[in-house]
Every structure is written in structure tokens, then in C-alpha cells.
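Remarks on the overall topology
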Amino acid sequence: MTHFSEKLTNWYAQNKRDLPWRNTRDPYRIWLSEIILQQTRVDQGTAYYLKFEEAFPTVVDLARADNEKVMKLWQGLGYYSRARNLHTAAKTITDVHKGDFPRSHKQILELKGVGEYTAAAIASFAFGQPYAVVDGNVYRVISRVFGIKTPIDSSQGKKEFNEIAASLLDKKDPGTHNQAIMEFGALYCKPASPDCNSCIFNNVCHAYRNNEVQTLPVKEKKTKIRSRFFNYLVLQKKEQIIIRKRRGNDIWTNLYDFPLIETSSELEEEEFFTSTQWKELSGQLDFKFSKVSPPYKHILSHQHIFAKFWLIEPKGSLKKIAPAASVIVNVSDLTKYAVPRLIERYLQDASLI
Ligand code: SF4
């Protein structure tokens with residue numbers, strides 16, 4: 001065991017948080033927690049983990065579940081491809097591996113939605129195999145303690161940080177070492193204002209000794225943010241309303257929203273009803289326009305969505321105007337459908353759920 005690992009795991013033994021997935025070596029539960037915790041805060045993720053664990057006690061239960069149920073349970077957590085991949089991988093484990101979670105690192109890596117980080121986490125936490133995890137916390141700790149300035153989002157950086165992480169790993173207890181370094185990054189060596197004054201590494205930490213804490217780790221590329229303008233058509237007649245299931249490779253696949261007109265900028269009422277898209281979609285539709293919602297802003301990692309909801313009551317039957325892939329449902333049934341957080345916010349504001 002390296003001196004670094006010894007210090008780290010001693011710190012971990014005294015400071016670790018008691019989290020439900022830390023009290024098990026069941027690979028299914030560890031995998032579930034890891035997928036849920038990607039891009040998610042621990043306090044938010046814990047509630048979802050407990051819901052999934054209760055609804056699907058085994059991987060076979062998850063595999064056999066209806067996809068709508070899986071998506072509904074995931075609602076609000078974002079990055080919905082994780083839920084779709086989780087369900088697909090559960091089916092692979094059930095059908096191909098006969099319900100036994102694969103033990104080999106290679107087979108774990110082949111599961112849909114499992115990348116290098118998650119495979120290393122499952123292999124080390126559940127099976128004690130010597131694979132080092134490298135997530136955002138690990139990049140930050142290694143970069144600061146050892147003064148590594150190679151950009152973490154470059155291929156050279158990935159290689160270099162992986163090698164250092166592997167060289168630091170305690171091969172006898174890789175699971176504890178991996179959890180310790182991630183916990184240390186999450187609780188101590190935080191992105192902003194880390195607790196350097198009382199840190200166990202401050203006598204050797206390169207960043208602390210050279211006043212480089214704020215500049216490490218280095219990132220090469222800035223995330224490009226794209227703005228999108230959504231005009232949702234809330235086509236409602238008394239107790240009935242049209243929703244549609246999202247398809248294709250855009251955001252929120254398999255979740256429900258409303259028929260949509262996307263425009264290149266935010267539209268006011270007159271611009272909206274004279275727009276080509278509205279005319280094409282509405283055709284000969286005879287309708288009564290009730291109101292438009294205030295603009296909603298919804299932030300995703302690479303996109304900012306600006307949405308307005310246009311409440312429209314068609315004069316004829318809803319069936320005649322329902323666009324492709326849409327369904328007519330009772331307002332009282334809306335809570336049964338998995339919807340993105342943006343739609344949920346609108347439905348709540350409009351007292352529809
Ligand atoms: S001294 Fe500060 S920057 Fe260095 S490892 Fe500790 S918390 Fe991180």
C-alpha cells in the first residue's frame with residue numbers, strides 16, 4: 001500500500017458518509033447506485049436509489065418491468081438515457097447472463113451505459129478487483145496533490161491520470177481505496193473552496209504549496225451551450241388533452257411532452273400565430289386561443305431551453321387534429337406518464353396535476 005493510500009483510507013474510515021449502497025457488495029445495487037449518481041448530487045440520488053431498490057429488489061425484477069414504469073420512477077433525475085440504458089443492461093444480465101451479474105471487467109464494460117469509470121467501480125467495490133476509478137473527484141485530487149497540469153479532457157490527460165490512479169491504488173483493498181479517494185474529493189478537496197488548512201495532504205500538496213488550488217485541474221475545452229426555443233401546444237378540450245411521446249435522438253427520448261413547434265427565437269403572440277410552422281401544423285383548424293404561459297427557462301448541461309406553453313382549445317374533435325405519435329388522455333391521468341421536469345413544472349403551475 002502506498003503512503004498516499006494509507007493516509008487516504010485512514011481518513012476515509014473516520015469521515016465517510018453512511019450511504020445505503022456502501023453497506024452492500026451486491027453488484028446489482030452498486031451498479032444501480034453508480035448509474036443514478038452520475039451527474040447527480042448524493043442527497044438527490046439517494047431518494048431515487050431507495051425508490052428503485054424497493055420497486056426492483058433484483059436485476060430480474062428490473063429487467064421484467066415495463067419501460068414506462070422505469071421512466072416514471074426516473075422522472076425528475078434528468079439525463080434520461082441513463083434510465084433507458086439501465087433497463088437494457090438489466091435485460092442483458094437477465095437474458096445473456098441468466099440473472100447473475102457478470103464478474104469479469106470486460107463483460108461489465110460491455111453492458112449498455114457502463115463506461116470505464118462505472119466498470120472499475122463495480123469490479124472493485126463488489127468483487128475486489130484492482131481497477132482504479134477515475135471520476136471528476138479523482139481527477140481533481142490527483143491534479144492538485146501531484147501538480148498535474150495536463151488537461152483532464154484531453155486523451156493524453158485521460159491516459160496520464162489513469163496511470164497515476166492505477167499506481168496509487170491499494171491492490172489488496174481496491175474498493176475501499178477507490179471509495180476513499182472519491183469521498184475525499186467530494187467532501188474535502190472540493191472544486192471551490194477546498195478545506196486546505198486542515199487537509200491531511202497539505203504538507204505535500206503541490207497546488208496548496210504553490211497557490212494553484214484555483215487553477216487545477218486544467219480543462220481544455222469550454223462546454224458550448226446551445227439555446228433552443230420551444231413553443232408547446234397545449235391542446236385541451238374539457239377533460240381531455242393531447243400529449244406525445246418523444247422519439248428519435250433528441251433530448252428526453254421516450255418521455256412525454258406536448259406537440260411542439262421549435263423556433264430560432266422567442267415568439268410573441270402575433271409572430272407565433274402567423275409563423276409558417278403554426279400554419280402548417282394547424283391547417284384548417286378552428287380553435288380558440290386561451291392564453292400563453294410566461295416563458296420558462298430550463299437548463300441542461302449543453303442546452304438552455306426557453307419554453308412557452310400555448311393553451312389552445314380546438315373547436316372540433318381532438319382526434320382529428322392529434323399529430324403523429326400523440327395520444328389523447330384524461331387530465332386526471334397525466335400523473336401516470338413520465339414527463340421531463342420542464343413539463344412537470346408547467347403542469348403544476350397550470351394546476352393540471
Ligand atoms: S491541500 Fe487543498 S488542494 Fe491539496 S489535497 Fe488538500 S484540500 Fe485538496
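1. Notes on the confidence of the model for the protein chain
Mean pLDDT over the protein chain works out to 94, with 100% of the residues at or above the 70 mark. Across the protein chain, the secondary-structure element scoring lowest on mean pLDDT is helix α15 (residues 318-321), at 82, and the one scoring highest is helix α4 (residues 59-64), at 98.

2. Observations regarding empty space enclosed by the protein
Counted by the stated rule, this structure contains 4 cavities of 30 Å³ or more. Considering only residue class, the lining of the largest cavity consists of 11 nonpolar, 1 polar and 2 charged. Of the pockets and cavities examined, the second largest cavity occupies roughly 60 Å³. Along its surface, the second largest cavity is lined by F229, F230, N231, T263, S265, E266, L267, P295, F306, A307 and K308. For the lining of the second largest cavity, a count of residues per class yields 6 nonpolar, 3 polar and 2 charged.

3. What to know about helix α6 (residues 81-95)
For α6, built from 15 residues, the straight-helix expectation of 21 Å at 1.5 Å per residue is met to within 8% by its first-to-last C-alpha distance of 21 Å. All buried positions along α6 are accounted for by R82, A83, R84, L86, H87, A89, A90, I93 and T94. Lining the buried residues of α6 we find α2 (27-37), α3 (42-55), α4 and α5 (67-74).

4. So, the packing of aromatic side chains
Taken as a whole, this structure holds 32 aromatic pairs when the rule is applied. A centroid spacing of 6.1 Å and a plane angle of 70° characterise the contact between Y232 and F258, whose relative ring orientation is edge-to-face. Highlighted residues: Y232 in strand β1 (residues 226-237) and F258 in the loop between β3 (256-257) and β4 (260-263), separated in sequence by 26 residues. Residue classification places Y232 among the buried residues on the basis of a relative accessible area of 0%. Judged by centre distance (6.1 Å) and plane angle (90°), the rings of F258 and Y346 are edge-to-face. You can see F258 sitting in the loop between β3 and β4 and its partner Y346 sitting in helix α16 (residues 341-349), a full 88 residues away along the chain. The burial state of F258 is the same as that of Y346; both residues are buried. Members of the aromatic cluster, each reached through a chain of ring pairs, are F230, Y232, W252, F258, Y296, F309 and Y346. For K51, the ring lying beneath its charged end belongs to Y48, and the centroid distance is 4.2 Å.

Rules used in this analysis
- Residues numbered from 1 in each chain as written.
- Predicted model: local features only at pLDDT ≥ 70, side-chain atom pairs only at ≥ 80, totals over all residues.
- Heavy atoms only, no water.
- pLDDT = per-residue confidence, 0-100.
- Helix = DSSP H or I, 4+ residues; strand = E, 2+ residues; numbered from the N terminus.
- 1 Å grid on protein atoms, 1.4 Å probe; cavity = no way out; pocket = protein on both sides within 12 Å on 5 of 7 lines; lining within 4 Å.
- Points joined across faces, edges and corners; volume = space filled by probe spheres on them.
- Nonpolar A, V, L, I, M, F, W, Y, C, P; charged D, E, K, R; others polar.
- Expected span 1.5 Å × (residues − 1).
- Buried < 20%, exposed > 50% of the residue type's maximum accessible area, 1.4 Å probe, protein only.
- Contact = heavy atoms within 4.5 Å.
- Phe/Tyr/Trp six-rings, centres within 6.5 Å; stacked < 30°, edge-to-face > 60°.
- Lys NZ or Arg CZ within 6 Å of the ring centre and 35° of its normal.

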